[in-house]
Amino acid sequence: MKKLFGILLLMVMALVIAACSSDSSSEDGDDANAEGGDSNESAESGGGGEGTVEIFSWWTGAGEEDGLLALIDLFEQEHPDITVDNAAVAGGAGTNAKAVLATRMQGDDPPSTFQVHGGAELNEGWVAADKMEPLNDFYEEQEWMDKFPQDLIDMVSKDGNIYSVPVNIHRGNVIFYNKKVFEDNGLEVPTTYDEFVEVADQLQDAGVTPLALGDKEAWTATQIFENILLGELGPDDYKSLWAGDIPFDDDRVVAAAEKFKTVLGYVNDDHASRNWQDAAQLVGDGEAAMINMGDWAKGYFSNDLDLETNVDFGYFAFPETDGDFMVITDTFGLPKGVENPDEVKEFLSVLGSVEGQDAFNPLKGSIPARVDADESKYDEYGKDAMEDFNNSNLTPSLAHGSAAAEGFVTKANQAVNIFVTQLDVDNLINTLKNAASEL
Ligand code: GAL
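Computed from a predicted model, the values in this text were never measured in an experiment.

Brief notes about the packing of aromatic side chains
Part 1 of the argument: The full count for this structure, using the stated rule, is 26 aromatic pairs.
Part 2 of the argument: For the ring pair Tyr 177 and Phe 182, a centre distance of 4.5 Å and an interplane angle of 50° mean the geometry is tilted. There is no split in this pair, since Tyr 177 and Phe 182 are both buried.
Part 3 of the argument: Aromatic pair Trp 242 and Phe 248: ring centres 6.0 Å apart, planes at 50°, arrangement tilted.

What follows is the structure in structure tokens.
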């Protein structure tokens, strides 16, 4: 009897050990689409556990994942001993991923590393909550201090400490347009708001949707509004607005809301049921002429729709914002409490390397965050964006979490979402004013 009990006990222990060490990670980056799911339930504490690096992002599917998969491939070639668990959660701009991440961080179950925008999202969010390890020594070891623009290092720093590694720089104030549609209608690209309205009117008369919008997720409309605000306020006052130094009932903010209302008169009727890719497709197909979208849309046009830069589609700065660059930088850091920080740093080291950035960015539509990447790997769009980045006023995006803390961004998205249907300028201004205490 005693012997039988002993055997049973051993069997139970073996099962417990097997369950604890079972690894839910995928062996292969291609196997990556944990869409809407959290594939790290087996981790005892933070991260993917010894031998595994769990990479958390919202890069799944069309227009999003190609760059990440190329980066993972490179990492796996350089570190065959480390397994990558690609824990991406679908939803543009992190609509779903950010909620999953918040739950995990609050439950002390951080991924090994996660996508986070430089600026408020990182600094007022996870750093302020004391959830991130400083990476100053790591930057020194990697000899990175002069390899990233100081402006970018500032966006990932708080109180003198650096907290993440930027993989890219996206631009948010771009309009992509269908070249054939513009040619067929004899149109020039608009540089001012008035020219934009003229062009849009002509397109509408010709039976073409002037501006594609897919605001199934509200951030796409918020993105339009922030670009109008930038045009109306100029880069310095745009920044002052998010610093709480300019009130939301300032005449120029009200004028921006009026313009936003006009611009929304030119979008496709089914905007509320489309995501950003579905909206961009309208431009690819020529059903719509233009879309304001961060330049991840360039990755989508090139890789997924097979369209050629400056042949099938062109691009120009959002009206009134030429000379400004709305910066969106995706970064990855080291959360406190991960089991294998050294392995996570191996991943960050590849992500921050020239090779890593040049594997990722030409596919993503972004430009490298590093100053010494290989320009020849980028097409005309990338080269133009690099030049513009170096010669523009840099401004932080609200829609992508850099300009203001998450609490405000959420309220702004809700207000914009209501505005898109009600077009009530007073209501938008009042709601933003009330939310300003979160700034
Ligand atoms: C942004 C992110 C980009 C891109 C985009 C659409 O927030 O910085 O890399 O993924 O969302 O999902």
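Concerning the site of the ligand
Part 1 of the argument: Residues in close proximity to the ligand total 14 residues, the closest being Glu 64, His 117, Asp 330, Lys 364 and His 400.
Part 2 of the argument: A distance of 2.9 Å separates an oxygen atom of the ligand from a polar atom in the side chain of Trp 59.
Part 3 of the argument: Computed on the free molecule, the ligand has an accessible area of 300 Å², of which 100% lies beneath the protein chains in the complex.
Part 4 of the argument: Here the residues of the shell around the ligand are counted per class, giving six nonpolar, five polar and three charged.

Some points on the packing of helix 2 (residues 65-78) against helix 14 (residues 354-364)
Helices that pack against each other are described as a pair by the angle of their axes relative to one another and the distance between those axes.
Part 1 of the argument: Across the interface, helix 2 lies against helix 14 with an axial gap of 7 Å and an inter-helix angle of 155°. By the angle between their directions, the pair helix 2 and helix 14 is classed as roughly antiparallel. For the pair helix 2 and helix 14, the sense of crossing is right-handed. Facing helix 2, whose interface residues are Asp 66, Gly 67, Leu 68, Ala 70, Leu 71 and Leu 74, helix 14 presents Glu 355, Gly 356, Ala 359, Phe 360 and Leu 363.

A few points about the environment of Asn 417
Part 1 of the argument: Mapped onto the fold, Asn 417 is located in helix 16 (residues 406-422).
Part 2 of the argument: When the C-alpha positions of Asn 417 and Ala 221 are compared, they lie 7.5 Å apart, and in sequence the two are 196 residues distant.

What to know about unusual backbone geometry
Part 1 of the argument: A positive phi is found at Asp 306, a non-glycine position, where the angle reads about 60°.
Part 2 of the argument: Considering the arrangement of structural elements, one finds Asp 306 in the loop between helix 12 (296-304) and strand 11 (313-317).
Part 3 of the argument: What makes Asp 306 exposed here is its relative accessible area of 66%.
Part 4 of the argument: Backbone geometry at Glu 320 places phi at a positive 70°, although glycine is not the residue there.

Focus: the sheet that holds strand 2 (residues 83-88)
Part 1 of the argument: In spatial order, the strands read 2-1-3-13-6; together these five strands make up an open sheet with mixed pairing. Sheet topology places strand 2 and strand 6 (164-166) at the edges, where each strand pairs with a single neighbour. Put simply, the sheet's adjacent strands are angled 30° from each other on average, direction ignored.
Part 2 of the argument: One ladder, built from three bridges, connects strand 3 (residues 113-117) with strand 13 (residues 330-333); its direction is antiparallel. Bridging from a neighbouring strand, Gln 115 pairs with Phe 332 of strand 13.
Part 3 of the argument: Sheet strands in contact with helix 3 (residues 97-106) are strand 1 (52-57) and strand 3, and its direction is about 135° off that of strand 1.
Part 4 of the argument: Against the sheet, helix 4 (residues 120-127) makes contact with strand 3 and strand 6, and its axis sits at roughly 125° relative to strand 3, the strand it touches most.

Some remarks on the side chain of Ser 57
Part 1 of the argument: Positionally, Ser 57 belongs in strand 1.
Part 2 of the argument: At a separation of 3.1 Å, a polar atom in the side chain of Ser 57 contacts the main-chain amide nitrogen of Trp 59.

Some remarks on the environment of Glu 339
Part 1 of the argument: Position of Glu 339 relative to the elements: it lies in the loop between strand 13 and helix 13 (341-351).
Part 2 of the argument: C-alpha separation for the pair Glu 339 and Gly 51, spaced 288 residues apart in sequence, amounts to 9.7 Å.

Let's talk about helix 9 (residues 219-242)
Part 1 of the argument: Spanning 24 residues, helix 9 covers only 17 Å between terminal C-alpha atoms, well under the ideal 34 Å at 1.5 Å per step.
Part 2 of the argument: Taken as a whole, helix 9 carries its principal kink of about 115° at Gly 234; the proline Pro 235 stands between one and four residues after it.
Part 3 of the argument: Most of helix 9 is tucked away, with 18 of its 24 residues classed as buried.
Part 4 of the argument: Gly 244 occupies a position one or two residues after helix 9 and carries a positive phi of about 85°.

Things to note about a negative patch on the surface
Part 1 of the argument: On the surface, a cluster of negative charge is contributed by Asp 194, Glu 195, Glu 198, Asp 201, Asp 205 and Glu 320.
Part 2 of the argument: Among the secondary structure elements, Asp 205 is positioned in helix 8 (residues 193-205).

Some thoughts on helix 14
Part 1 of the argument: Of all the residues in helix 14, the buried ones are Gly 356, Gln 357, Asp 358, Phe 360, Asn 361 and Lys 364.
Part 2 of the argument: Next to the buried residues of helix 14 lie helix 2, strand 6, strand 7 (170-171), helix 12, strand 13 and helix 13.
Part 3 of the argument: Immediately downstream of helix 14, the backbone of Gly 365 shows phi near 95°, a positive value.

A short note on the side chain of Ser 366
Part 1 of the argument: Here Ser 366 lies in the loop between helix 14 and helix 15 (380-390).
Part 2 of the argument: A residue is classified by how much of its surface remains accessible, and Ser 366, at 2% relative accessible area, is buried.
Part 3 of the argument: At 3.4 Å, the side chain of Ser 366 forms a polar contact with the side chain of Asn 168.
Part 4 of the argument: A distance of 2.6 Å separates a polar atom in the side chain of Ser 366 from a polar atom in the side chain of Asn 361.
Part 5 of the argument: Beyond its immediate chain neighbours, meaning those up to four positions away, Ser 366 contacts Asn 168, Ile 169, His 170, Asp 295, Phe 360, Asn 361 and Tyr 378.

A word on the nonpolar core
Part 1 of the argument: Among the nonpolar cores identified, the biggest contains 77 residues, and Tyr 139, Val 165, Phe 176, Ile 291 and Phe 301 are the most heavily contacted of them.
Part 2 of the argument: Setting aside residues no more than four positions away along its own chain, Val 165 makes contact with Leu 135, Phe 138, Tyr 139, Trp 144, Phe 148, Asp 330, Thr 331, Phe 332, Leu 348, Leu 351 and Gly 352.
Part 3 of the argument: Val 181, Phe 182, Val 199 and Val 425 belong to the second-largest nonpolar core, a separate cluster that totals 54 residues.

Conventions we followed
- Residues numbered from 1 in each chain as written.
- Predicted model: local features only at pLDDT ≥ 70, side-chain atom pairs only at ≥ 80, totals over all residues.
- Heavy atoms only, no water.
- Phe/Tyr/Trp six-rings, centres within 6.5 Å; stacked < 30°, edge-to-face > 60°.
- Buried < 20%, exposed > 50% of the residue type's maximum accessible area, 1.4 Å probe, protein only.
- Near = heavy atom within 4 Å.
- Polar contact = N/O pair within 3.5 Å; in protein donor to acceptor, adjacent residues only side chain to side chain.
- Areas by Shrake-Rupley, 256 points an atom, 1.4 Å probe, with all protein chains shown as cover.
- Nonpolar A, V, L, I, M, F, W, Y, C, P; charged D, E, K, R; others polar.
- Axes fitted to C-alpha atoms, helices over the stretch in contact; angles between N-to-C directions.
- Helix = DSSP H or I, 4+ residues; strand = E, 2+ residues; numbered from the N terminus.
- Parallel < 35°, antiparallel > 145°, perpendicular 65-115°, else oblique.
- Left-handed = near helix turned anticlockwise from the far one by under 90°.
- Contact = heavy atoms within 4.5 Å.
- Pairing = 2+ DSSP bridges.
- Expected span 1.5 Å × (residues − 1).
- Bend = angle between axes of the 7 residues up to and from the residue.
- Patch = residues over 30% accessible without salt bridge, like charges linked within 9 Å, V, L, I, M, F, W, Y side chains within 5 Å.
- Salt bridge = Lys/Arg side-chain N within 4 Å of Asp/Glu carboxyl O.
- Lys, Arg positive; Asp, Glu negative; His and termini not counted.
- Charge placed at Lys NZ, Arg CZ, Asp CG, Glu CD.
- Core = buried A, V, L, I, M, F, W, Y, C linked by side-chain atoms within 4.5 Å.

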